[in-house]
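# Topology and contacts: notes
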Amino acid sequence: MIDLSVDVGGLRLSNPVMPASGTFADGLANTIDFNRLGAFVTKTITHEKRTGNPVPRVAEVHSGMLNAIGIPSKGSDYFIRESIPFYRKFSPPLVVSISAPSNDGFARLAAELSQVEGVAAIEANISCPNIEEDGKAFAMHARSTAAVVKALRASTSLPLWVKLTPNTGEIANVARAAQEEGADAIVAANTILGMAIDIDTRRPKLGNVMGGMSGPAIKPIVVRMVYQCHRAVSIPIIGCGGIATAEDAIEYMLAGAKAVQVGTATFIHPTAMIDVIDGLVQYCRRKDLPGLQGLVGAVEDTGFVPFEAMA
Amino acid sequence: MVISNAWVNRDYKHLVLDAGLPAAGAKAGQFFHLLCPATEQDSPFFRRPMSTYRADPATGRVEFLYKVTGAGTRGLATLEAGDKLPMLGPLGVGFTLPAGARHIVVLGRGVGLATLAPLAEMAAQARVGVTAILSARDAANLMSQDRFTAIGATIVEVTDEAGTSSVENVERLLRELHAAGRADAFYTCGSSRLTLLMQRLGAELSVPGEVAMEQQMACGIGMCYCCVRAFREGDRLVSKRVCWDGPVFPLAEVA
Ligand SMILES: Cc1cc2nc3c(=O)[nH]c(=O)nc-3n(C[C@H](O)[C@H](O)[C@H](O)COP(=O)(O)OP(=O)(O)OC[C@H]3O[C@@H](n4cnc5c(N)ncnc54)[C@H](O)[C@@H]3O)c2cc1C
Ligand SMILES: Cc1cc2nc3c(=O)[nH]c(=O)nc-3n(C[C@H](O)[C@H](O)[C@H](O)COP(=O)(O)O)c2cc1C
Ligand code: FES
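Attention here is on the structure that accompanies the text. Just so it is clear, the model here is predicted, and its values are computed rather than measured.

### Side note on the overall build of chain A
A count of helices and strands for chain A gives eight helices and 16 strands. Computed over the C-alpha atoms, the radius of gyration of chain A is 19 Å, within 12% of the 19 Å expected from 2.2 N^0.38 for a compact globule of 311 residues. A principal-axis box enclosing the C-alpha atoms of chain A has dimensions of 60 × 50 × 40 Å. Looking at chain A as a whole, 54% of its 311 residues are labelled buried. Taking the intrachain contacts of chain A between residues at least 6 apart in sequence as the baseline, contacts between residues at least 24 apart amount to 70%. Carbon and sulfur atoms provide 53% of the accessible area of chain A, an area that totals close to 13,800 Å². Across chain A, the centroid of the 27 positively charged side chains sits 4 Å from that of the 30 negatively charged ones.

### Quick look at the sheet that holds strand S6 (residues 61–67) of chain B
In a beta sheet, neighbouring strands pair by backbone hydrogen bonds and run either parallel or antiparallel. Residue and element names in this part refer to chain B. Taken together, the four strands give an open sheet; going across it, the order is S1-S2-S6-S5, and neighbouring strands pair in antiparallel fashion. Sheet topology places strand S1 (2–7) and strand S5 (54–56) at the edges, where each strand pairs with a single neighbour. Each adjacent strand pair in this sheet contributes to an overall mean axis angle of 10°, direction not counted. Where S5 lies against S6, three bridges are found, and the strand directions are antiparallel.

### Comments concerning a nonpolar patch on the surface
All names here are of chain A. Together, Leu193, Met195, Ile197, Val209 and Met210 line one region of the surface with nonpolar side chains, adding up to about 460 Å² of accessible area. With respect to the secondary-structure elements, Met195 resides in strand S11 (residues 192–195). The exposure class assigned to Met195 is partly exposed, which follows from its relative accessible area of 45%.

### So, the site of ligand 2
Residues and elements named next belong to chain A. Taken together, the neighbourhood of ligand 2 is formed by 24 residues, with Ser21, Thr44, Lys163, Gly242 and Thr264 sitting nearest. At 3.1 Å from an oxygen atom of ligand 2 is found a main-chain nitrogen or oxygen belonging to Gly263. Considered on its own, ligand 2 offers 610 Å² of accessible surface; in the complex 97% of this is hidden by protein. When its residues are assigned to classes, the shell around ligand 2 shows eight nonpolar, 14 polar and two charged.

### A word on the pattern of salt bridges
Residue and element names in this part refer to chain A. Summed over the entire model, instances satisfying the criterion amount to 22 salt bridges over all chains. We note a salt bridge from Arg81 to Glu82, for which the minimum N-O separation is 3.5 Å. Its salt-bridge partner being Asp248, residue Lys219 comes within 2.8 Å of it at the nearest N-O pair. Taken together, the residues span a long stretch of sequence, with Lys219 in helix H5 (residues 219–232) and Asp248 in helix H6 (residues 246–255) at a distance of 29 residues.

### Overview of the packing of aromatic side chains
All told, the structure shown has 15 aromatic pairs over all chains when counted by the stated rule. Ring centres of Phe231(B) and Phe249(B) lie 4.1 Å apart, and the angle between their planes is 25°; on these two criteria the pair is classed as stacked. Here Phe249(B) lies in strand S15 (residues 248–250) and Phe231(B) lies in strand S13 (residues 228–233), a separation of 18 residues in the sequence. Exposure class is identical for Phe231(B) and Phe249(B). Each is buried. Aromatic rings pair up to connect Phe24(A), Phe34(A), Phe40(A), Phe86(A), Tyr87(A) and Phe90(A) into one cluster. Of note, Arg147(B) hangs over the ring of Tyr53(B), and the distance from its end group to the ring centre comes to 4.4 Å.

### Quick look at the packing of helix H4 (residues 167–179) of chain B against helix H5 (residues 192–205) of chain B
All names here are of chain B. In contact at an axis separation of 11 Å, H4 and H5 are set at 35° when each is read in the N-to-C sense. Note on packing geometry: the crossing formed by H4 with H5 is right-handed. Contacts between H4 and H5 involve Val167, Val170, Glu171, Leu174, Arg175 and His178 on the former and, on the latter, Arg193, Leu194, Leu197, Met198, Arg200, Leu201, Glu204 and Leu205.

### Concerning the side chain of Asn9(B)
Residues and elements named next belong to chain B. Assignment of secondary structure puts Asn9 in the loop between S1 and strand S2 (12–18). A distance of 3.0 Å separates a polar atom in the side chain of Asn9 from the backbone nitrogen of Asp11. Here the side chain of Asn9 touches Ala140 through a polar contact of 2.9 Å, landing on its backbone oxygen. Once you skip the residues sitting within four places of it in the chain, Asn9 turns out to touch Ala140, Asn141 and Met143.

### A closer look at the nonpolar core
Residues Ile98(A), Phe106(A), Leu280(A) and Leu174(B) are the most contacted members of the largest nonpolar core, which totals 129 residues. When residues of this core are assigned to their parent elements, the largest contribution, eight residues, is made by helix H8 (residues 272–287) of chain A. Non-local contacts of Leu174(B), meaning those with residues more than four positions away in its chain, are made with Val105(B), Leu107(B), Ile133(B), Phe186(B), Leu197(B), Met198(B) and Leu201(B). In this structure, Leu65(B), Leu116(B), Leu119(B) and Tyr187(B) belong to the second largest nonpolar core, which totals 29 residues.

### Looking at the interface of chain B and chain A
Listed by partner, the interface residues are 20 residues for chain B and 28 residues for chain A. Surface buried jointly by chain B and chain A totals about 1,900 Å² across both partners, of which 67% is contributed by carbon and sulfur atoms. On the chain B side of the contact with chain A, Phe45(B), Phe46(B) and Met223(B) bury the most area, a combined 37% of that side's loss. If you look at where chain B meets chain A, you find one salt bridge. Glu60(A) serves as the salt-bridge partner of Arg48(B), at 3.0 Å between the closest nitrogen and oxygen. Across the side of chain B that touches chain A, the residue classes tally to 14 nonpolar, four polar and two charged.

What counts as what
Residues numbered from 1 in each chain as written. Chains lettered and ligands numbered in written order. Predicted model: local features only at pLDDT ≥ 70, side-chain atom pairs only at ≥ 80, totals over all residues. Heavy atoms only, no water. Helix = DSSP H or I, 4+ residues; strand = E, 2+ residues; numbered from the N terminus. Rg over C-alpha atoms; globule rule 2.2 N^0.38 Å. Buried < 20%, exposed > 50% of the residue type's maximum accessible area, 1.4 Å probe, protein only. Contact = heavy atoms within 4.5 Å. Areas by Shrake-Rupley, 256 points an atom, 1.4 Å probe, with all protein chains shown as cover. Lys, Arg positive; Asp, Glu negative; His and termini not counted. Charge placed at Lys NZ, Arg CZ, Asp CG, Glu CD. Pairing = 2+ DSSP bridges. Axes fitted to C-alpha atoms, helices over the stretch in contact; angles between N-to-C directions. Patch = residues over 30% accessible without salt bridge, like charges linked within 9 Å, V, L, I, M, F, W, Y side chains within 5 Å. Salt bridge = Lys/Arg side-chain N within 4 Å of Asp/Glu carboxyl O. Near = heavy atom within 4 Å. Polar contact = N/O pair within 3.5 Å; in protein donor to acceptor, adjacent residues only side chain to side chain. Nonpolar A, V, L, I, M, F, W, Y, C, P; charged D, E, K, R; others polar. Phe/Tyr/Trp six-rings, centres within 6.5 Å; stacked < 30°, edge-to-face > 60°. Lys NZ or Arg CZ within 6 Å of the ring centre and 35° of its normal. Left-handed = near helix turned anticlockwise from the far one by under 90°. Core = buried A, V, L, I, M, F, W, Y, C linked by side-chain atoms within 4.5 Å. Buried area = accessible area lost by both parts, 1.4 Å probe.

Okay, structure coming up:
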């Protein structure tokens, strides 16, 4: 019997596969069996109502997409009233992704959700602009990450996952800061800032000019980041970026991820998450493994054997 | 599985598939999200939305009428009999007929005609008369006349070429139909100018109506929020997802 279950940042999941925030919604229940997922992760919510960005909000690029959806949100009251009861009908735990423009805003929203039955964990999306840091994303620097995670930790006893941005030169330091301030897991990573221009109209292809890149094209970049984070922290890492198949998920695990989130792939193949779960079982069978534990961080670094310089 | 994929004129192709149920149970106005094949030249990443041109539960067939424009539809154009096409659907909210309607007007432009043909058939089945105003650049781009003729619809063709497709002329036609008691509901697809015209006249003459809207889509099932548009609800503007809340919307909601 193959057992895919994992402990991830304070939660016991029946398998390590879950949706990435913003790429999943209740409507998918018509297409796949929700009870098979490791967890639910919601689209990021904010306390207040927000409309999101102008259209066009997406553009396709080679092996991936750019999006500037923004965070349209009906507000946390609506979410608590309308969405949480829906997810409570299913067995996987509900992870609520949250965002706010300040440390205090994050803390207040986390505290509000901690009172609500049916919320199993908080995923703090700290890739959004921090008004106290001149609009730079919290997760761009270790210092701002530490401050927001500290505020969050003080406001909730729920498992706290922190989702990092790849738009930083110091991902390992940022991950370490999150761990030191009490995060239970990190999610690596959000989308990579990009841009595309229509050469006929000379206009940016996104209404918001710049947007986040996701999909298969970004996988090598984020696998590298997971590898770097794995060397820097001991809390679980959830890998996210370009995962579409079980092979992709295993690559992330070898780099150091304990669980994975599937995002853009679900837009193209609505059954992608289920296919990844089934593929993990097949992989374990093929390799005669009882489960996935032995894979996490098991990449074998190829030692460099020096050879003589060319004459 | 593809049964045929033939050119109907220089720009448009007609794709017939054996899709089985429940796909072939698609209602007028619903759409499918198609995983268009890559070619040497193109590798479309997203799926492409396409409204059902015909769906027949008896034969299990689903048909599309599409204009070859870019990476996705160029890929579709390469399909041959026997090929497979992964498709997700039927999706979205289709057309409805108001209770008691006895005669409706459908007004389509370009590929919008493809979306309206199944509506005309649905109306005929409900014993509701149809007048179809077909608009296009030129006569070669007028399509589907046979579909409308088969159900006994009255057809009016207007083209840019003949100078008959202007908003003013179409407005005159619609007013005449209304005066003759042949416009209990308005339906349109394919042109924002014509949509605004039908909305304005509908409000003035108290004729209800619906429009099938287009917007770029990534997921097609309400998850990504890329397909939103602004709609009027009373005196408020609200954003709705075309894939999930539509693609068919009441004309009065168009903002
Ligand atoms: C509900 C719905 C029903 C449709 N039904 C039909 C139909 O029956 N026949 C038909 O020919 N076309 C139909 N369309 C339009 C069709 O989806 C686009 O023409 C098609 O996506 C163009 O793709 P492409 O790769 O060939 O063009 P490209 O220009 O290469 O596409 C690039 C991007 O722009 C988007 N895009 C381009 N044109 C449109 C458009 N008009 N609407 C939405 N997105 C667009 C594509 O999805 C893609 O992401 C429908 C659109 C919607 C939303
Ligand atoms: C349309 C879209 C919307 C997204 N919205 C959110 C969001 O609200 N919050 C968030 O933390 N990440 C959001 N993301 C980022 C994804 O969760 C994920 O980190 C990213 O897409 C990389 O994974 P992928 O390549 O598997 O898609 C969004 C991504 C996409 C494509
Ligand atoms: S296309 Fe994704 S929400 Fe409509």
